[in-house]
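Reading the structure
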Amino acid sequence: MKTSGAWIRPLSGDYLIFIIALALLGWLFSHYWNWQAATRLQIHQGGQLIATLTLDQQRELSVSGPLGITRIEIDHGRARVHSSPCTNQYCVHQGWLSHAGQASFCLPNRVSIRLMGASSSYDSLNY
Amino acid sequence: MTKSCWQWLGACLISIALSACGTRPTPAIESYVFGTMVSISLPDQSQTRAQQLANAVNQEFFKLHQQLHAWQSDSELSRLNQAIAAGQSMQVSPLLAHMLRQTQQLSAQSEDIFNPAIGQLIALWGFHRDEFTPVKVEPEQIHRLVKTHPSMAQLHIQDLQVSSSNREVQLDFGGYAKGYALDIAANFLRTQGVRNALINIGGNIIALGQHDQRSWQVGIQHPRQSGTIATIDLPDGWAIGTSGDYQRYFNLDGQRYCHIIDPRTGYPVQTTQSVTVLIPPAESAGVMSDVASKPIFIARDESARLLAAKKMGVDYFLIVDAHGDVLMSRAMQKILHWTQPPSHIKVVDTEAL
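Residues numbered from 1 in each chain as written. Chains lettered and ligands numbered in written order. Predicted model: local features only at pLDDT ≥ 70, side-chain atom pairs only at ≥ 80, totals over all residues. Heavy atoms only, no water.

Describing the overall build of chain A
Check the secondary structure of chain A and you find three helices and eight strands. Helices and strands in chain A line up, N terminus first, as α-α-β-β-β-β-β-α-β-β-β. Evaluated residue by residue, chain A yields a buried proportion of 43% over its 127 residues. Of all intrachain contacts in chain A linking residues separated by at least 6 positions in sequence, the fraction that spans at least 24 positions is 32%. By element, 60% of the accessible surface of chain A is carried by carbon and sulfur atoms, the whole surface being about 7000 Å². (Helix = DSSP H or I, 4+ residues; strand = E, 2+ residues; numbered from the N terminus. Buried < 20%, exposed > 50% of the residue type's maximum accessible area, 1.4 Å probe, protein only. Contact = heavy atoms within 4.5 Å. Areas by Shrake-Rupley, 256 points an atom, 1.4 Å probe, with all protein chains shown as cover.)

Next comes the structure, spelled out in C-alpha cells:
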C-alpha cells in the first residue's frame, strides 16, 4: 500500500522554492515596509529642542508658546497634540502619530512634535 | 539539505534584515523664520559650526522676510504695492528689482497662471494673515478684481525704477520667496565650503552633496493621511517642492478653500490635492521647485496639467487630483518609493508631450 510518506518528505526542489520564497518575503519587507514603529518623541518649541521622551508611557505635557499652552499626549507608542491655543487647529486634527518620521507642527504657537525610531525612513519631509 | 545551504540562507536573511537598519536620522537645526519652519541638516559640521552657519542663513532669511512681507506696511514690497496703488513709481533695491524681473519672466512662461500680481485676491480670501479663518467672499468683489487682469507684464522696470500701468497690481511673493530663499541658502553654504547639507524651508527642500555615502532621502507628505505618500532620493543640487491644499486652507459649508487661487476665476483651486515637482541642479533650482508646481496645481484636467508641466520645463512631477488619483511622469515613477500608494496611478511619458 502506498503511504503518505511521499507527501511528508519534501524534495530538494521544494527546499529551493521555500528558500526563494523566504528570501523574497524578507526583501519585500525590508524594501517596502517603510513604517518603523516609533520609540521616542521629540518636542521643539521656537526652534529649540525642549524634550526627548520615550513613547512607552502614558503622559500629558504642556508646552507654552507665544499664543499659550499646547497640550501633548503620549499613549504607549503613539503621541498627539491634544489641544492647542491656535485658531486653525491643524496640529490637533492630525490626530495620533505612531510611525517614526511622522510629525505635527503648530506654526502659530511654534511647537512641533516628531516621532523618532531606531531609524527614520527619510532625512526631511517635503510638504 | 546540507549545512552550508542553511548557513547561506541564514547569511542572506541577516543581511536583508540589516539593510533596513542602515539609515539614521540626522540632527537638524530648526528655527521659525519666514513665517514657517526652517530646518537645516549639516552632518559634517561640529555642533558649534553648524549652529553658526544656521544662524547666518537664518539672518539672511529674516532680512528677506522683512523685505518681502506682503502684509506688513513697512516692508519694501508693501511700500512698492502702496506706490503702485497710488499710481506712482518707486526706486527699489537691486535685490527686489532682480526678483521682479525673475517673477515677471516665470509668470510669462506660465502664461500668467503663476501670477504674483494678484495680491488683492489673496487678501480678499483672507490668506494675508498668519491665521486662516473661514471668509465669506462676495462674488461681485471677486469678479471685479478678476476683470482688472492684474499681471506681472504690467510692471515697468527701468533699472531700479518700478511702476505699473495697472493700479490693481498688488504683489505677493508667497509662491516664490521660499524657493528664492533656498537658492540663497544653498549658495551661501557652498561659499562657506559646506559640501553636504539639507535645507528645508516650509517643506521646500534643496540638497547639497550627500549623507552617509548615500543620497539624502526625502519623504513627501500625503495630502490626506498623516505620514508620507512616498519617499525619494534627492541627489546633490536637486530641489523638491510641493503645492498642496492641506497646509493653508479653511473649510466653509463642507468645501475646502486652499490658499492657491486661480487668477482666471479668482477662486481657490478645488481640483487638486497636491503637486510635487523635482528640479535638477540649476542656478534657480530652489525658485523652480517653488514656482513650477503652481501652474500644474491650478490646471483643471489632465491635458492642462501636462501642458503646464511642459511650459514650466518640469520632467519630474507627481499630481494627486481631487479624487486622490495620481498622474505622474515616467521619470518620477522611476525614482519614487511608495509608502502609502494610491489606488489609481497613471504614468505618462513626458518625451511624448
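Some thoughts on unusual backbone geometry
Note: most residues except glycine have negative phi, and most peptide bonds are trans. Phi at His149(B) takes a positive value of approximately 45 degrees, unusual for a residue other than glycine. Inspection of the secondary structure assignment puts His149(B) in the loop between α6 (139-147) and β4 (155-158).

Brief notes about the environment of Lys63(B)
Mapping Lys63(B) onto the fold places it in helix α2 (residues 47-68). For Lys63(B), a relative accessible area of 52% puts it in the exposed group.

With respect to the pattern of salt bridges
All names here are of chain B. Counting across every chain of the model gives 14 salt bridges over all chains. In this structure, the salt-bridge partner of Asp262 is Arg300, at a minimum N-O distance of 3.3 Å. A residue pair is termed long-range when its members are at least 10 positions apart, and Asp262 in the loop between β12 (255-258) and β13 (272-279) and Arg300 in the loop between α9 (293-298) and α10 (302-311) qualify at 38 residues. Relative accessible area serves as the criterion here: at 3%, Asp262 is assigned to the buried category. When the shortest N-O distance is used, the salt bridge between Arg330 and Asp349 registers 3.0 Å. On the criterion of sequence distance, the pair formed by Arg330 in helix α11 (residues 330-335) and Asp349 in the segment after β17 (345-348) is long-range, its members being 19 residues apart. Judged by its relative accessible area of 31%, Arg330 is partly exposed. Residue classification places Asp349 among the partly exposed residues on the basis of a relative accessible area of 35%. (Salt bridge = Lys/Arg side-chain N within 4 Å of Asp/Glu carboxyl O.)

Quick notes on α2(B)
Residue and element names in this part refer to chain B. In a regular helix each residue adds 1.5 Å, so 22 residues correspond to 32 Å; α2 covers 31 Å between its end C-alpha atoms and thus fits that length. Every buried residue of α2 is listed here: Ala50, Leu53, Ala54, Val57, Asn58, Phe61, Leu64, His65, Gln67 and Leu68. The secondary structure elements touched by the buried residues of α2 are β1 (28-33), β2 (36-41), α3 (76-85), α4 (94-109), α7 (177-191) and β6 (197-201). (Expected span 1.5 Å × (residues − 1).)

Some remarks on the sheet that holds strand β5 (residues 79-83) of chain A
Residue and element names in this part refer to chain A. One open sheet holds the three strands; their spatial order is β3-β4-β5, and the pairing between them is antiparallel. Strand pairing shows two members of the sheet lacking a second neighbour, β3 (58-65) and β5, which therefore form its edges. Strand-to-strand twist in this sheet, taken as the mean axis angle between neighbours without regard to direction, amounts to 30 degrees. Bridge count for strand β4 (residues 68-75) against β5 is four bridges, and the pairing is antiparallel. Residue Ile74 lies in a different strand from β5, and its bridge partner there is Ala79. (Pairing = 2+ DSSP bridges. Axes fitted to C-alpha atoms, helices over the stretch in contact; angles between N-to-C directions.)

Some points on the pairing of β12(B)
All names here are of chain B. The pairing of strand β11 (residues 249-252) with β12 spans four bridges and is classified as antiparallel. Within β12, the position partnered with Tyr249 by the bridge is Cys258. Where β11 folds back onto β12 in an antiparallel hairpin, the turn is made up of two residues, including Asp253, whose phi is positive at roughly 50 degrees.

Remarks on the packing of aromatic side chains
All told, the structure shown has nine aromatic pairs over all chains when counted by the stated rule. Ring centres 5.4 Å apart and planes at 65 degrees place the aromatic pair Trp125(B) and Tyr267(B) in the edge-to-face group. One end of the pair, Trp125(B), is in the loop between α5 (119-124) and α6; the other, Tyr267(B), is in the loop between β12 and β13, and 142 residues separate them in sequence. Here Trp125(B) falls in the buried class, since its relative accessible area comes to 3%. Exposure remark for Tyr267(B): the relative accessible area of 35% places this residue in the partly exposed category. Plain terms: the ring middles of Phe250(B) and Tyr257(B) are 5.4 Å apart, the flat faces sit at 25 degrees to each other, and that makes the pair stacked. A single burial state applies to Phe250(B) and to Tyr257(B), both of which are buried. Among the aromatic residues, those joined into a ring-pair cluster are Trp125(B), Phe127(B), Phe250(B), Tyr257(B) and Tyr267(B). Between Arg78(A) and the ring centre of Trp96(A), over which it is positioned, the NZ or CZ distance is 3.8 Å. One residue, Arg256(B), lies across the ring of Tyr249(B), its end atom 4.2 Å from the ring centre. (Phe/Tyr/Trp six-rings, centres within 6.5 Å; stacked < 30°, edge-to-face > 60°. Lys NZ or Arg CZ within 6 Å of the ring centre and 35° of its normal.)

Thoughts on α3(B)
Residues and elements named next belong to chain B. Counting buried positions over the ten residues of α3 gives seven, a clear majority of the element. Taken together, the buried positions of α3 are occupied by Glu76, Leu77, Ser78, Leu80, Asn81, Ala83 and Ile84. In the core, the buried residues of α3 are packed alongside α2, β3 (90-91), α4, β4 and β5 (161-164). Of the residues trailing α3, Gly87 is marked for its positive phi of about 75 degrees.

Quick notes on the nonpolar core
Residues and elements named next belong to chain B. With 74 residues, the main nonpolar core has Phe61, Leu80, Leu100, Leu171, Phe173, Leu189 and Ile199 as its most contacted residues. Taken domain by domain, the makeup of this core includes at least three residues from each of domain 1 (28-44 + 182-352) and domain 2 (65-164). Apart from the residues lying within four places of it in its own chain, the contact partners of Leu171 are Ala70, Leu77, Leu80, Asn81, Ile84, Leu100, Pro116, Ala117, Met152 and Leu155. Residues Ile220, Ala230, Trp238 and Val326 belong to the second largest nonpolar core, which totals 22 residues. (Core = buried A, V, L, I, M, F, W, Y, C linked by side-chain atoms within 4.5 Å. Domains from an automatic or database assignment.)

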